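# A closer look at the structure
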Amino acid sequence: MKQKILVLGAGGQLGMELLHSARPDVECVALARPELDIGDRLAVADCLSARAPAVIINAAAYTAVDAAEDNAAAAHRANAQGPANLARSCRELGIRLLHVSTDFVFDGASSHPYTPAAPTAPLGEYGRSKLAGERAVLELCPQALVLRSGWVYSRFGNNFVKTMLRLMAEREQLAVVADQVGTPTWARGLAGALWAAAARPGLSGIYHWSDEGSCSWYEFALAICEEAVDLGLLAKSLPIRPIASSEYPTAARRPAYSVLDKTASWRDLAQPAVPWRTQLRCMLADMKEAQDE
Ligand SMILES: NC(=O)c1ccc[n+]([C@@H]2O[C@H](COP(=O)([O-])OP(=O)(O)OC[C@H]3O[C@@H](n4cnc5c(N)ncnc54)[C@H](OP(=O)(O)O)[C@@H]3O)[C@@H](O)[C@H]2O)c1
């Protein structure tokens, strides 16, 4: 019999990539927000006991980083109470919980990649709510696995790559922040790491996943432009100017450095480390193919 795996947050970019890359040897049940609001404790308990999956992958979250500054209660409901609801029911029902978290649990003061054990110190409400969610998951369901990632993009949903492609087609020039460094992560690769984790029942605790290497948002934008022109997704290149974060004020402060150390994931999940630029090209090619269909 196939293992039943419930994917929550199935309407989001990671959720969509999880469904797109589901392994054929599992029965994948996808629930988007209208089918299950993870902030509703009773609905979570009822849903999990009725569906009785072996594993849950929680890709549901409040991800509007700037809006979270004025909507802390909504962010905490989805990102802290929701995971707590899942963890409580998972422990009671013997379900394995894989939960996704973020590099925004760090303050960005480091100059070398953050290990899973590195001290956390989120700068904003989104990061605080996600950290509270991680803690609730591991406290209420110690067998759970938390996978942190960062700078996630996909052809589905809203993300930096799609915003850049739109602006690059509309404008004559762009200015992009150059003093925040991280690692772009194609959601398809993150989905692969989650499927690998689902297939390894002994793993628990905090792991990190992103693509390999690092860059600033400015360098990421340059690469998007070059690859998109090369693939025919953009008609022409345009000038892109590096700016400081102070020239692009946002409601939420963001870590200046949020590169993640993936050593433990490469070892335990046996997933290949693919350079972020290679993954960017794969995603853009995937987008082009979907457009041409
Ligand atoms: N995006 C990034 O750069 C990034 C970076 C690091 C980590 N992550 C983490 O990766 C995971 C997936 O993020 P993503 O990029 O796929 O985000 P996304 O595209 O915003 O998807 C999140 C999904 O969760 C749903 N959702 C929100 N509140 C919910 C609730 N109470 N109950 C059920 N579903 C709810 C959203 O539905 P609605 O659209 O209806 O609100 C949306 O479909 C999250 O844990 C996120 O924190 C993301």
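Small disclaimer: the values here were computed from a predicted structure and weren't measured. (Residues numbered from 1 in each chain as written. Predicted model: local features only at pLDDT ≥ 70, side-chain atom pairs only at ≥ 80, totals over all residues. Heavy atoms only, no water.)

### Some points on the pairing of strand β3 (residues 55-58)
- Covered by surrounding structure in β3 are V55 and I57 together with I56 and N58, the residues of both alternating faces.
- Pairing between strand β1 (residues 3-8) and β3: 4 bridges, direction parallel. Paired with I5 across the strands is V55, a residue of β3.
- Both β3 and strand β4 (residues 96-102) contribute to a ladder of 4 bridges, which runs parallel. By the bridge assignment for β4, N58 is matched with H99.
- Traced from β3 through helix α3 (residues 72-93) to β4, the parallel crossover comes out right-handed. (Buried < 20%, exposed > 50% of the residue type's maximum accessible area, 1.4 Å probe, protein only. Helix = DSSP H or I, 4+ residues; strand = E, 2+ residues; numbered from the N terminus. Pairing = 2+ DSSP bridges. Right-handed = clockwise from strand over helix to strand, strands pointing away.)

### Comments concerning the packing of helix α5 (residues 160-170) against helix α7 (residues 217-231)
- One way to put it is that α5 packs onto α7 with a least axis distance of 10 Å and a crossing angle of 65°. Regarding α5 and α7, the two cross each other, and that crossing is right-handed. Residues F160, V161, M164, L165 and M168 of α5 form the contact with α7, whose participating residues are W217, F220, A221, I224, C225 and A228.
- Residues belonging to the contact of α5 with α7 are distributed by class as follows: 11 nonpolar, no polar and no charged. (Axes fitted to C-alpha atoms, helices over the stretch in contact; angles between N-to-C directions. Left-handed = near helix turned anticlockwise from the far one by under 90°. Contact = heavy atoms within 4.5 Å. Nonpolar A, V, L, I, M, F, W, Y, C, P; charged D, E, K, R; others polar.)

### Overview of the sheet that holds strand β2 (residues 26-31)
- Strands sit in the order β2-β1-β3-β4-β5-β10 across an open sheet of 6 strands; the sheet is parallel. Of all the strands in the sheet, just β2 and β10 (205-208) have a single pairing partner and so form its edges. With direction set aside, neighbouring strand axes in the sheet form an average angle of 20°.
- This element, helix α4 (residues 125-140), spans β4, β5 (145-149) and β10 of the sheet and lies at about 160° to β4.

### A closer look at the packing of aromatic side chains
- Applying the stated rule across the entire model yields 10 aromatic pairs.
- A ring pair is formed by W151 and F220, whose centres lie 6.5 Å apart and whose planes are at 25°; its orientation type is stacked. Of this pair, W151 sits in the loop between β5 and β6 (152-153) while F220 sits in helix α7; the two residues are 69 residues apart in sequence, bridging distant segments of the chain.
- The class for W151 is buried, based on a relative accessible area of 10%.
- Ring pairing ties together the aromatic residues W151, Y153, F160, W217, F220 and W276, which thus form one cluster. (Phe/Tyr/Trp six-rings, centres within 6.5 Å; stacked < 30°, edge-to-face > 60°.)

### Comments concerning empty space enclosed by the protein
- In the structure shown here, the tally under the stated rule is 2 cavities of 30 Å³ or more.
- Forming the boundary of the largest cavity are V65, E69, F104, F106, L123, G124, Y126, G127, A252, R253 and P255.
- Partitioned by chemical class, the residues of the lining of the largest cavity number 7 nonpolar, 2 polar and 2 charged.
- Of the voids in this model, the second largest cavity is the one considered here, and its volume is about 30 Å³.
- Taken together, F104, W151, Q180, V181, W217, R254, P255 and S258 form the lining of the second largest cavity.
- Here the residues of the lining of the second largest cavity are counted per class, giving 5 nonpolar, 2 polar and 1 charged. (1 Å grid on protein atoms, 1.4 Å probe; cavity = no way out; pocket = protein on both sides within 12 Å on 5 of 7 lines; lining within 4 Å. Points joined across faces, edges and corners; volume = space filled by probe spheres on them.)

### Thoughts on the site of the ligand
- Around the ligand sit 23 residues in total, of which L14, R33, T63, Y126 and K130 are the nearest.
- One of the backbone N or O atoms of L14 is found 2.9 Å from an oxygen atom in the ligand.
- Take D37: an N or O atom from its side chain is 2.9 Å from a nitrogen atom of the ligand.
- In isolation the ligand offers 890 Å² of accessible surface; the protein chains occlude 80% of this area. (Near = heavy atom within 4 Å. Polar contact = N/O pair within 3.5 Å; in protein donor to acceptor, adjacent residues only side chain to side chain. Areas by Shrake-Rupley, 256 points an atom, 1.4 Å probe, with all protein chains shown as cover.)

### Points about the nonpolar core
- In this structure, V161, M168, F220, I240 and L280 are the most contacted members of the largest nonpolar core, which totals 30 residues.
- Of all the secondary-structure elements, those providing two or more residues to this core are α5, β7 (174-177), α7, β12 (240-243) and α9 (276-292).
- Top contributing element to this core by residue count: α7, with 9 residues.
- For M168, the contacting residues outside a window of four places in its chain are L174, A221, I224, C225, L234, L238 and I240.
- Counting residues in each nonpolar core, the second largest holds 25 residues, with L190, W195, Y207 and W209 among its members. (Core = buried A, V, L, I, M, F, W, Y, C linked by side-chain atoms within 4.5 Å.)

### A closer look at α7
- Taking 1.5 Å per residue, 15 residues should reach 21 Å; α7 reaches 21 Å between its end C-alpha atoms and fits that length.
- For α7, the set of buried residues is W217, Y218, F220, A221, A223, I224, C225, E227, A228 and L231.
- Buried residues along α7 sit against β6, α5, β7, β11 (215-216), β12 and α9.
- Following α7 by one or two positions, G232 has its phi on the positive side, about 85°. (Expected span 1.5 Å × (residues − 1).)

### Focus on α9
- Relative to the 24 Å expected for 17 residues at 1.5 Å per residue, α9 spans 24 Å between its end C-alpha atoms, a close match to the ideal helical length.
- Of the surrounding elements, those touching the buried residues of α9 are β6, α5, β9 (185-186), α6 (187-198), β11 and α7.

So yeah, pure geometry; function would need other evidence.
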